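Per-entry structural report
What follows is the residue order along each chain.
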Amino acid sequence: MTPGADGPSPRRRGRPSRTAGTTGPDARTRILEAARTEFAERGYDKTSVRGIARAAGVDAALVHHYFGTKDEVFAAAIELSFEPALVLPQVLGGPADGLGERLARYFIGVWENPVSRAPLLAVLRSALTHEAAAKVLRGFVLRRLLERIAAELDVPDPTFRAELAASHMIGIAMLRYVIRAEPLASTDPEKIIGMVAPTLQRYLSDG
C-alpha cells in the first residue's frame, strides 16, 4: 500500500497546508480582522482559535502559525484598534505644552470611532472578568503605550505619571462607554477633551 492510501497524512501543528485562499499577506489580515470581530461579539472567554479561523476562512493551524496562542491573537487585536505605531509619534511629537490635549484627543477619538470602539469595549469587559485578558491588556498598556510615552517625558517619575494619565483616561472610558453614566455619556467629545487635557498635561509635565 502506498503512503497516504488510507487518507491524508496527519498535519503537524504550526505547519498549515498551503491551499488557495489561506496563504499570502491577506491571510494574516483576515485572521486579525476576524479575531477583532469575534472578541468584540463573544468576549474573551467564549472566543476560540478555531472560531477565529472559521470566521477568517482559514485552518486553525494558520492562526497558530501567525500568532501562536489565543492570548497573542487577543494582544494583536488590541493593537489593531489602537494602532500605536502609527499614532503615538504624532501624539508625542510637537510642543511639550500641548501633549495633554493631543493625548486626550487621540484617546477620545479612538473610542468615538465605532470601528475601534466595539473591540475595545470587549477588551475592557473581558479584562474585568478574566485574568488572562487582564494580563494581556496590562502588558499591552505598559509595554506598547505607557513605556513609550514615559520615554519621551523629561520629568521625574515618568512611568508613574504616564500611569496616572492612563488611569484617568481608562476611567473616562469605563463611565462613558461601558457604564454609560450620564451626563458624561452624552457630553460632546470636544467638551471632554477641553476639560481633561489640562489634567493630563499636569500629569505629564512639571507645569
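The present account deals with the structure reproduced in this document. Numbers given to residues run from 1 along each chain, matching the order in which its sequence is written. Reporting in this predicted model follows two pLDDT cut-offs: at least 70 for local features of residues, and 80 or more for side-chain atom pairs to be given and counted; totals over whole chains, interfaces and linings ignore these cut-offs and use all residues. Note that water and hydrogens are dropped before the side-chain values are worked out from all heavy atoms of the structure.

**What to know about the environment of Asp 97**
- Counting from the N terminus, the helices are DSSP H or I runs at least four residues long and the strands are E runs at least two residues long. Checked against the element boundaries, Asp 97 lands in the loop between helix H5 (84-92) and helix H6 (99-112).
- Between the C-alpha atoms of Asp 97 and Gln 201, which are 104 residues apart in sequence, the distance is 7.2 Å.

**Some thoughts on helix H7 (residues 114-129)**
- Its 16 residues give H7 an end-to-end C-alpha distance of 23 Å, which sits within 8% of 22 Å, the value for a rise of 1.5 Å per residue.
- Burial classes: relative accessible area under 20% of the type maximum marks a residue as buried, over 50% as exposed, and values in between as partly exposed (1.4 Å probe, protein chains only). Taken together, the buried positions of H7 are occupied by Ser 116, Pro 119, Leu 120, Leu 121, Ala 122, Val 123, Leu 124, Ser 126 and Ala 127. The span expected for a helix works out to 1.5 Å for each residue beyond the first.

**So, the side chain of Thr 47**
- Within the secondary structure layout, Thr 47 lies in the loop between helix H1 (25-46) and helix H2 (49-56).
- Judged by its relative accessible area of 2%, Thr 47 is buried.
- Contacts are residue-level and defined by heavy atoms, with any inter-residue pair within 4.5 Å sufficient. Apart from residues lying up to four places away in sequence, Thr 47 is in contact with Glu 38, Phe 39, Arg 42, Ile 52 and Lys 70.

**Brief notes about the packing of aromatic side chains**
- The criterion for an aromatic pair is that two Phe, Tyr or Trp rings (for Trp, the six-membered ring) have centres within 6.5 Å, with stacked assigned to planes under 30 degrees apart, edge-to-face to planes over 60 apart and tilted to the rest. Enumeration over the complete set of coordinates arrives at six aromatic pairs.
- Consider the rings of Phe 39 and Phe 74, whose centres lie 4.8 Å apart with planes at 65°: the pair is edge-to-face. Placement of the pair is Phe 39 in helix H1 and Phe 74 in helix H4 (residues 70-82), with a sequence separation of 35 residues.
- Its relative accessible area of 3% is what places Phe 39 among the buried residues.
- A relative accessible area of 1% means that Phe 74 is categorised as buried.
- With a centroid separation of 4.9 Å and an interplanar angle of 75°, the aromatic rings of Tyr 44 and Phe 74 are classed as edge-to-face. Linking Tyr 44 in helix H1 with Phe 74 in helix H4, this pair joins segments that are 30 residues apart in sequence.
- Among the aromatic residues, ring-to-ring pairing joins Phe 39, Tyr 44 and Phe 74 into one connected group.
- Residue placement shows Lys 70 over the ring face of Tyr 44; its charged tip is 4.3 Å from the ring centre. Lysine and arginine charges are scored as sitting over a ring when NZ or CZ, respectively, is within 6 Å of the ring centre and within 35 degrees of the ring normal.

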